[in-house]
Amino acid sequence: MKLYSRRVYTASGCKAATIEIEGGRIVSVAEGACPADAVNYGEMRIIPGIFDTHNHGTSGFDLMETGTDFSERKAIVRGYLKGLAAQGTVNIFPTVSDAEGIRAVAEVARETVDGANVLGIHSEGPWLSRVGEKGVRTPWPEVSIDAARELVEAGGGMLRLMALAPEIPGIDEVIDYLLGAGVTVAAAHSDNTYEAAHAAYGRGISVATHTGNVMTDMHHRDIGGLGAALTDPRVMCEVICDGMHICNDMLGIYFRIKDYGHFMMISDCTALSGAEPGVYDGGGLCEELRVTKDGFVLTETGRLMGSSQPVLFGIGNLVNNVGVSLETCLEMACLNPAIMYGFADHKGTIEPGKDADLVVIDDGYHALATYACGRKVYDRAVDGRVFNDAYLSAHRKKDEAA
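Our subject in this report is the structure included herewith.

## Overview of the sheet that holds strand β12 (residues 159-164)
Consideration 1: Taken together, the six strands give an open sheet; going across it, the order is β11-β12-β13-β14-β15-β16, and neighbouring strands pair in parallel fashion. Among the strands making up the open sheet, the edge pair consists of β11 (121-124) and β16 (263-266).
Consideration 2: Inspection of the sheet shows strand β14 (residues 207-208) paired to strand β15 (residues 236-240) by two bridges, in the parallel sense. Paired with V207 across the two strands is M236, which belongs to β15.
Consideration 3: Packing against the sheet, helix α4 (residues 171-180) makes contact with β12 and β13 (184-187), and its axis sits at approximately 165° to β12.

## Points about the environment of P141
Consideration 1: Mapping P141 onto the fold places it in the loop between β11 and α3 (145-154).
Consideration 2: Here the alpha-carbon distance between P141 and K354, two residues 213 residues apart in the chain, equals 42 Å.
Consideration 3: Residues contacting P141, with those up to four places away along its chain left out, are P126 and W127.

## Section: the packing of aromatic side chains
Consideration 1: The tally for this structure, following the rule as stated, stands at six aromatic pairs.
Consideration 2: With centroids separated by 5.3 Å and ring planes inclined at 80°, the aromatic side chains of F51 and F93 adopt a geometry described as edge-to-face. Here F51 is found in strand β6 (residues 50-55), whereas its partner F93 is found in strand β9 (residues 89-94), with 42 residues between them in sequence. We note that F51, like F93, is buried.
Consideration 3: Between Y254 and F263 the ring centres are 6.3 Å apart and the planes differ by 5°, which places this aromatic pair in the stacked class. Judged on exposure class, the residue Y254 and its partner F263 are both buried.
Consideration 4: Feature note: the residues F51, F93, Y341 and F343 constitute an aromatic cluster, connected by ring pairs.
Consideration 5: If you follow R45 out to its NZ or CZ, it ends over the ring of Y365, 4.8 Å from the centre.
Consideration 6: The aromatic ring of Y177 is capped on one face by R149, whose charged end is 5.3 Å from the ring centroid.

## A few points about the layout of surface pockets
Consideration 1: A volume near 590 Å³ is recorded for the second largest pocket.
Consideration 2: Taken together, 27 residues form the lining of the second largest pocket, with A86, Q87, G274, P310 and H366 sitting closest to its centre.
Consideration 3: Elements with a minimum of two residues in the lining of the second largest pocket: α1 (70-86) and α8 (311-322).
Consideration 4: Of the residues forming the lining of the second largest pocket, the biggest block, four residues, is contributed by α8.
Consideration 5: Residue composition of the lining of the second largest pocket, grouped by class: 12 nonpolar, 13 polar and two charged.

## Concerning the packing of α1 against helix α2 (residues 99-109)
Consideration 1: One can describe the packing of α1 onto α2 by two numbers: an axis separation of 9 Å at closest approach and a directional angle of 60°. Classed by the angle they form, the pair α1 and α2 counts as oblique. Judged by the sense of rotation from one axis to the other, the crossing of α1 with α2 is right-handed. Contacts between α1 and α2 involve F70, R73, K74, V77, R78 and L81 from the former and E100, G101, R103, A104, V105, E107 and V108 from the latter.
Consideration 2: Broken down by class, the residue content of the contact of α1 with α2 amounts to six nonpolar, one polar and six charged.

Criteria and thresholds
- Residues numbered from 1 in each chain as written.
- Predicted model: local features only at pLDDT ≥ 70, side-chain atom pairs only at ≥ 80, totals over all residues.
- Heavy atoms only, no water.
- Pairing = 2+ DSSP bridges.
- Helix = DSSP H or I, 4+ residues; strand = E, 2+ residues; numbered from the N terminus.
- Contact = heavy atoms within 4.5 Å.
- Axes fitted to C-alpha atoms, helices over the stretch in contact; angles between N-to-C directions.
- Phe/Tyr/Trp six-rings, centres within 6.5 Å; stacked < 30°, edge-to-face > 60°.
- Buried < 20%, exposed > 50% of the residue type's maximum accessible area, 1.4 Å probe, protein only.
- Lys NZ or Arg CZ within 6 Å of the ring centre and 35° of its normal.
- 1 Å grid on protein atoms, 1.4 Å probe; cavity = no way out; pocket = protein on both sides within 12 Å on 5 of 7 lines; lining within 4 Å.
- Points joined across faces, edges and corners; volume = space filled by probe spheres on them.
- Nonpolar A, V, L, I, M, F, W, Y, C, P; charged D, E, K, R; others polar.
- Parallel < 35°, antiparallel > 145°, perpendicular 65-115°, else oblique.
- Left-handed = near helix turned anticlockwise from the far one by under 90°.

Following this line, the structure appears as structure tokens:
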């Protein structure tokens, strides 16, 4: 198979080129005119497949919904992977925090699905402390090595990332266990001071979860968890770039403090990604969730609860409103997570020898076609809108205006 575009974002720059694919891998990237036997995407851009390491759901498919039987949870995972492909996400760490949900993802990951590739699993929690602005503080569950071991075992080797609050009493033993089991540990939902956060990174925590959100802010007498994440070179920073979780001016400050090589673009999407504005049942996480016309997902107290926009939207925001080049965005969205989690030998860029993980996008940053290891897993002309309308009918309460 051959794909051509006048704007292919290769590892060595943007060029008019033909990507030849064989056995799911890129054989060559040849500059020049479009061959007669190639799929011609013309001026549409071809970018590497996005790698989102923090995503709870999308398109009406909710990984966090625990009130269904195991077969239904697996069906939700399959729909979720298709929804991701429709948003340009090719590689994914599904984010789920209970053992049965982790097991469901791990089993589907072994199937051939028309959707994103599952490269690992992310558990955000269960040991979290800070709840953020306008949140209602709730206690964390008992800290337990047995509970941590249950989650690791449920993943069958696929649990690659766990986020926790490092200041919780007794959590150090869990951190040591996870690191010993090969699980990357992230600092999340934390009330840490700068000194305590810095110490946690010294213990082996290496990722800052959705940097700036649900962590202590910078202050002129203590630069807090945010300051620690941005100034510690050992730390890879997840960052939500939708312009809502973090304002664009602050995103610009982030990128002045720390180089782009230490950021990974994430979505933190929920099942309401792609949903129309309105009020929805909170699915056990809270009484209700409201999707605003601006795209915010808010609880009844006004607290941000995940995102409604995929990483591809965040790329468009950075390019159009923050002045970050598309090439740099693709490093943060595709290559940096591949480097961080050990996939860069075959993921993250368009170059010979790597997996043919590709997304064709228009100038509005919408996915037109998505390829995962050379298979076309989404085609907007054929698949159209991907959304679980049954989710809407079950969860929608009223429209946004009401």
